[in-house]
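Structural overview for review
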Amino acid sequence: MSSDYEFSDDDGDYYVDDEDMIDGTQDESGQSDDDMDMDAYGDDFKVVPKGKRKSYEVDYDSLSQSAVEKLINDDVEHICGIFGVDASIASLLLRYMSWNKERLIEKYMDNPSAITVAAGITVPEPPSPSAPIRSGPSSATQTTPTARRPTRSSTSKFPSFGSSKSTPSKTPSISPAQPFATPRAAKSEPFVCPICFDDSPTLRTLSLDCKHAFCSGCWTAYLSSKIRDEAEHAIRCMAEGCALVTPDPFIQSVLVPEPGAPAGDPAEEAENAATWARFQELVVRHFVASNPNLKYCPYPSCTNTVSCPSAALKASLITVVPTVSCGARGVGGQMSQSQSQPAQSSLGVAGREHRFCFGCPIESDHRPVVCGVARMWLKKCRDDSETANWIKSNTKECTMCQSTIEKNGGCNHMTCKKCKHEFCWVCMGPWSEHGTAWYSCNRYDEKGGVDARDAQSKSRASLERYLHYYNRWANHEQSAKLSLDLYAKTEKKMEDMQITSALTWIEVQFMKKAVEEVDKCRMTLKWTYAMAYYLAKGNEKDLFEDNQRDLEKAVEDLSELLESPIEAENIPALRQKVTDKTVYVQKRNEIVLEDTATGFLDSRWKWNVTVDGFDDPEKSDN
Amino acid sequence: MASISARRLSKELSEIRSEGCPVGINLVQADDFATWLFTIEVMGESLYQGEVHTLQFRFDTSYPISSPAVQFVVTDGKQAPVHPHVYSNGHICASILGNEWSPVLSVVAVCVTLQSMLASCKKKERPVDNDRYVRNAPDNPKKTRFHYDDDTV
Ligand SMILES: [Zn+2]
Ligand SMILES: [Zn+2]
Ligand SMILES: [Zn+2]
Ligand SMILES: [Zn+2]
Ligand SMILES: [Zn+2]
Ligand SMILES: [Zn+2]
């Protein structure tokens, strides 16, 4: 069975074809020029004046669940006004058409009964004698499940559009006044629930327009299972083969007791109320997923949405990296929606801003590299994870004396405790050469690949090349984590110092700001290695790697400074140094982001592989 | 909820014991409300003449609100029927076990549907993605989100 009803959420790639765009449903959602920059830096740290969008930023808005619900209501009211149906019907029709108002209006004008049947709002006209037998309204009296022969699914639960199999030729009038039967009292004839076989006379039974009656307990269990376990936003009647969909007021009447109803089990009522809330969230999620201008925040238990029309077209993703933030921070119970007190944000995952990519499923900021290349790189890393696993180890041997050295901070400038040899953790080369202009730890020497003649040495060269980039990629990730861990210890010390010395709270914040900046820049650096791996050789790549090297050098210097011993008397001097270096690091980061983003806008970057949306690579021996 | 599933299953079981199963379907084992076994055989003209297969039902407390886990037994020398919707590990791609499940359906109703799925088969072959699926399949077929690609099951 193929039905247009379901929408695919397989790979998070929900883009509609550019030509087939939903016609401006939310285009009017005003793009404010509000600067979404929530960096936790004071004015001394600002490099670029606030309020001006940089070339590596996109315009976007963050919307709360209720703001999206308002958009939904606008659409629903619009449809109510045109069709003269009530809100719950309009809402089901819109959901059935994936919130495409224009197509809904078209279909409805064409054949209102076909679409209301297809959307599960009205029961189809009685089928012709040749049609398969449906379970009739008598199911309420049917107590033996064994007696029922299941009808085949070819009776078409949700006929595809255009299918007229179950569409009566004449147009019945739709009665919006009574979309579903209200809870009714048990009839005189004894009722046995066909699901749980409960036959108690006080049983509360409910049914939709189809009159398939079941007890309220079974409805509650069924709706809860559909909502909680299957995350469905369109739930069909429980009867076999019945295509009617439960309208929202019905779901609400089952899950939420009417005001004044006798109080039930409080725990159960709380659970049902949570299920109802979850259902409303599912409707919002469906609306958001149906609209290319919107994306739901991927952070756990966050219900915010981001609107970013400029990144809605797939074609835009070769020129922009749409990094957005929903405005909230933290996870689960410790989440804060506050945008106005960024200074109080704590470091680490728990307090991190909900930053994600609007254009792809990557749940972090992957600037400067575009989505297509970032995803290609992540796939490569997944495929080669075994090969590269050894790199993640936290210990290496000193190249001079072979003693084991453990890395416990973010700094990559290592000094062997035993022989005092200073070297670079990443390339294992002597540190003394790292400051000089001719040495470049970040660049891969492609010479080896050219010399390789036979297949085996060619594949070794290609593995070596990959490991060069992967090593640096993984190391920035790890170093960022290690410096956050280390900072947790420093923070305690700084706070103690605030008590024992004359320093103010503001004066001890410089370390935190620097650590945050290092973390941010290491993320940029991380992704520059994904980018460089795929960049075609040439001048452009050389310039890219110059910027990468300068940022890396600045970050390593600051990182090292952050690990220097802190004493109350050296704080003022340290503060000055750290502040200066932080500003410099920020500037280098701006340059990398700015230059790469401009390069995408100018189509300056060429790849050594085929990247979706870009020109094919020129023949090269990469 | 535990009471609903136990109550339903005991009701279904007593009905099977008193009225028996439809032709070609036999209850083999139902010692508890966790696992039941049936044999199933297609009567009359069909590609499966003379074949007897064993169907396993696994229930949890969410039955019948959500579907039971149903598969053909492929251990102890038993085999799954060769059918375009039956994988060699016994998993079945049938919409009534997935998104078309209705809490009104019963164990016997599932058996009858699967019996007629075999009866109407025109060519004995495994699903095209059999090898790939079987290699990565979860133990419980309910964990698989099958894509129901035709209207006949
Ligand atoms: Zn019931
Ligand atoms: Zn119904
Ligand atoms: Zn969020
Ligand atoms: Zn992306
Ligand atoms: Zn050493
Ligand atoms: Zn190095």
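Residues numbered from 1 in each chain as written. Chains lettered and ligands numbered in written order. Predicted model: local features only at pLDDT ≥ 70, side-chain atom pairs only at ≥ 80, totals over all residues. Heavy atoms only, no water.

**A look at the UniProt feature "domain: RING-type" (unreviewed entry) in chain A**
Residues annotated by UniProt as "domain: RING-type" (unreviewed entry) correspond here to residues 189–445 and 193–237 of chain A. A distance of 14 Å separates the end C-alpha atoms of residues 193–237 of chain A, which is 31% helix and 9% strand. (UniProt positions renumbered as here; feature names shortened; annotations may be inferred. Helix = DSSP H or I, 4+ residues; strand = E, 2+ residues; numbered from the N terminus.)

**Observations concerning the coordination of the zinc ion (ligand 3)**
Expected angles at a metal are 109.5 degrees for tetrahedral coordination by four donors and either 90 or 180 degrees for octahedral coordination by six donors. Residues and elements named next belong to chain A. With distances of 2.0 to 2.3 Å, the protein atoms coordinating the zinc ion (ligand 3) are Cys297 (SG), Cys302 (SG), Cys326 (SG) and His354 (ND1). Between the 4 donor atoms coordinating the zinc ion (ligand 3), the angles at the centre fall across 107 to 115 degrees, so the site counts as tetrahedral. Read from N- to C-terminus, the donor residues coordinating the zinc ion (ligand 3) fall into the pattern C-x4-C-x23-C-x27-H. With cysteine 302 in the loop between β4 (294–296) and β5 (305–307) and cysteine 326 in strand β6 (residues 323–329), this residue pair connects regions lying 24 residues apart in the sequence. (Donors = N, O, S within 2.8 Å, 3.2 Å for Na, K, Ca; no water. Tetrahedral: all angles 85-135°; square planar, octahedral: opposite > 155°, others 65-115°.)

**Considerations on the coordination of the zinc ion (ligand 1)**
Residue and element names in this part refer to chain A. For the zinc ion (ligand 1), the protein coordination sphere consists of Cys193 (SG), Cys196 (SG), Cys215 (SG) and Cys218 (SG), at 2.2 to 2.3 Å. Because the angles between the 4 donor atoms bound to the zinc ion (ligand 1) fall within 102 to 119 degrees, the donor set is best described as tetrahedral. Ordering the donors of the zinc ion (ligand 1) by residue number gives the pattern C-x2-C-x18-C-x2-C. Overall, cysteine 193 belongs to the buried group, its relative accessible area being 0%. (Buried < 20%, exposed > 50% of the residue type's maximum accessible area, 1.4 Å probe, protein only.)

**Observations regarding helix α5 (residues 216–229) of chain A**
With 14 residues, α5 of chain A ought to run about 20 Å at 1.5 Å a step, and its terminal C-alpha atoms sit 19 Å apart, in line with that. All buried positions along α5 of chain A are accounted for by Ser216, Cys218, Trp219, Thr220, Ala221, Tyr222, Leu223, Ser224, Ser225, Lys226 and Ile227 of chain A. (Expected span 1.5 Å × (residues − 1).)

**Points about the pairing of strand β4 (residues 69–72) of chain B**
Residue and element names in this part refer to chain B. Going residue by residue along β4, you find Ala69 and Gln71 tucked away on one face and Val70 and Phe72 tucked away on the opposite face as well. When strand β3 (residues 53–58) meets β4, the two strands line up antiparallel, connected through 4 bridges. Looking at the pairing, phenylalanine 57 lines up with valine 70 of β4. (Pairing = 2+ DSSP bridges.)

**Quick notes on the packing of aromatic side chains**
Residues and elements named next belong to chain A. One pass over the full model with this rule turns up 26 aromatic pairs over all chains. Judged by centre distance (4.7 Å) and plane angle (80 degrees), the rings of tryptophan 473 and tryptophan 527 are edge-to-face. You can see tryptophan 473 sitting in helix α11 (residues 455–500) and its partner tryptophan 527 sitting in helix α12 (residues 510–534), a full 54 residues away along the chain. Side by side, tryptophan 473 and tryptophan 527 carry an identical accessibility label, which is buried. (Phe/Tyr/Trp six-rings, centres within 6.5 Å; stacked < 30°, edge-to-face > 60°.)

**Regarding the pattern of salt bridges**
In a structure, side chains of opposite charge can pair up when their charged atoms sit close to one another. This structure, assessed with the given rule, holds 29 salt bridges over all chains. When the shortest N-O distance is used, the salt bridge between arginine 604 of chain A and aspartate 595 of chain A registers 3.4 Å. Under the relative-accessibility criterion, arginine 604 of chain A is labelled partly exposed at 22%. Put simply, glutamate 51 of chain B and lysine 124 of chain B hold a salt bridge, and the shortest N to O gap is 2.4 Å. With glutamate 51 of chain B in the loop between β2 (35–40) and β3 and lysine 124 of chain B in the loop between α2 (107–119) and α3 (130–136), this pair connects stretches of sequence that are 73 residues apart. Here the residues in one salt-bridge network are Arg443, Glu545, Asp546, Arg549, Asp550 and Arg588 of chain A, joined through shared partners. (Salt bridge = Lys/Arg side-chain N within 4 Å of Asp/Glu carboxyl O.)

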